[in-house]
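Okay, here's what each chain looks like letter by letter:
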Amino acid sequence: MGEVVYIRFQGTTRSPRGHFPGVFALANGLARDGRLSDEQYRFWRANNDWYDATYTNPSDVDPTVYDRALHPGAVAWFKSTAVHLIERVAGYLDLLTEHGVPCVRIESTDPGRIVYEDENQVVVVPWEPGDGP
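Okay, so let's go over this structure. Note that the structure is predicted; figures quoted are calculated from it, not measured.

It is worth spelling out the overall build of the protein chain at this point. Tallying secondary structure elements over the protein chain gives 5 helices and 5 strands in all. Shown N-terminal to C-terminal, the secondary structure of the protein chain runs as helices and strands in the order β-α-α-α-β-α-α-β-β-β. The C-alpha radius of gyration computed for the protein chain amounts to 15 Å, which stays within 12% of the reference 14 Å derived for 133 residues, consistent with globular compactness. Considering only C-alpha atoms, the protein chain reaches an extent of 45 × 35 × 25 Å along its principal axes. The buried share of the protein chain, taken over its 133 residues, is 40%. Considering only contacts in the protein chain between residues 6 or more positions apart, those separated by 24 or more positions represent 68%. Per element, the accessible surface of the protein chain, about 7,800 Å² overall, is 51% carbon and sulfur.

This paragraph deals with the nonpolar core. Core analysis: the biggest nonpolar cluster contains 21 residues, and Phe9, Val23, Phe24, Tyr51, Phe78, Val89 and Tyr92 have the highest contact counts within it. Elements with a contribution of two residues or more to this core: strand S1 (6-11), helix H1 (23-32), helix H2 (38-54), helix H4 (83-86) and helix H5 (89-98). Sorting elements by how many residues they give to this core places H1 first, with 6 residues. For Phe9, the contacting residues outside a window of four places in its chain are Pro21, Gly22, Val23, Phe78, Ile86, Val89, Leu93, Cys103, Val104 and Arg105. Ala74, Val115, Tyr116 and Val123 belong to the second largest nonpolar core, which has 6 residues in total.

Moving on, we get to the packing of H2 against H5. Two numbers describe how H2 lies on H5: the axes approach to 11 Å, and their chain directions differ by 145°. The hand of the H2/H5 crossing is left-handed. The segment H2 lies against H5, with Gln40, Phe43, Trp44, Asn47, Asn48 and Tyr51 engaging Val89, Gly91, Tyr92, Leu95 and Glu98.

Ordered by their spatial adjacency, 5 strands build an open sheet running S3-S1-S2-S5-S4, and the pairing between neighbours is antiparallel. Only two strands of the sheet have a single neighbouring strand rather than two, namely strand S3 (103-108) and strand S4 (112-117). Each neighbouring strand pair of the sheet contributes to a mean axis angle of 35°, computed without reference to strand direction. Inspection of the sheet shows S1 paired to S3 by 6 bridges, in the antiparallel sense. Along S3, the bridge assignment pairs Gln10 with Val104.

The rules behind these values
- Residue indices follow the written sequence of each chain, beginning from 1 at its first position.
- With the structure being a predicted model, the display of local features is reserved for residues of pLDDT at least 70 and the display and counting of side-chain atom pairs for 80 or more, all residues being used for whole-chain, interface and lining totals.
- The side-chain quantities take in all heavy atoms of the structure and omit both hydrogens and water.
- Starting at the N terminus, helices and strands are each numbered in turn, a helix being any DSSP run of H or I of at least four residues and a strand any DSSP run of E of at least two.
- Two things to know: the radius of gyration comes from C-alpha atoms, and the globule rule equals 2.2 Å times the number of residues to the power 0.38.
- Relative accessibility under 20% of the residue-type maximum defines a buried residue, over 50% an exposed one, and the middle range a partly exposed one, all with a 1.4 Å probe and only protein chains included.
- The contact rule is simple, with two residues in contact once any of their heavy atoms fall within 4.5 Å.
- Using a 1.4 Å probe, accessible areas were evaluated by the Shrake-Rupley method; residue-level cover was limited to the displayed protein chains.
- We call a set of buried Ala, Val, Leu, Ile, Met, Phe, Trp, Tyr and Cys residues a nonpolar core when their side-chain atoms join them within 4.5 Å.
- Axis geometry follows a simple rule: fit a line to the C-alpha atoms, using only the stretch in contact for helices, then measure angles between N-to-C directions, giving values from 0 to 180 degrees.
- Here is the rule for handedness: rotate from the far helix to the near one, and if that takes an anticlockwise turn smaller than a right angle the crossing is left-handed, while a clockwise turn gives right-handed.
- Criterion used throughout: strands pair if DSSP finds at least two bridges between them.

So this is what it looks like as C-alpha cells:
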C-alpha cells in the first residue's frame, strides 16, 4: 500500500502571518472585499455552504487546532482520497483566476506535523528546516 498523498491549493504570496493562504481563504477575501460579481458571489456562497455541510470544520472538533501559539502556521490539506471535495475546488480556482489571484496545487506525502486528522483532511504545522522525518 502506498503512502497517503495530501493536496493543498494555496496562494503564491505569504500572508502577513507568514503562511500561504489556502484557496478558500483567498476566495473568502475576494468576497469580504466586495470584489465578486453577483454571479460569482452566488457561486462562492453556494459552494461554501456545500463544503460547510459536507465536511468537518476542524475548529469545531478542536478549537485550538489553528491556535497560533500552540500550532504556529497550521494549515489544512485534503487527503487525495477526498475526490468529492477536491473536484469542486476547480470553480474556486476559476474564480481566483478571473481576479488575477494566483493559486497553485501542491502535493506531499509528509506536509508537516499532523495536529488534526479526519477521513478527508489533515491540519498540519509545516516542517521547519531541520525538522521532520
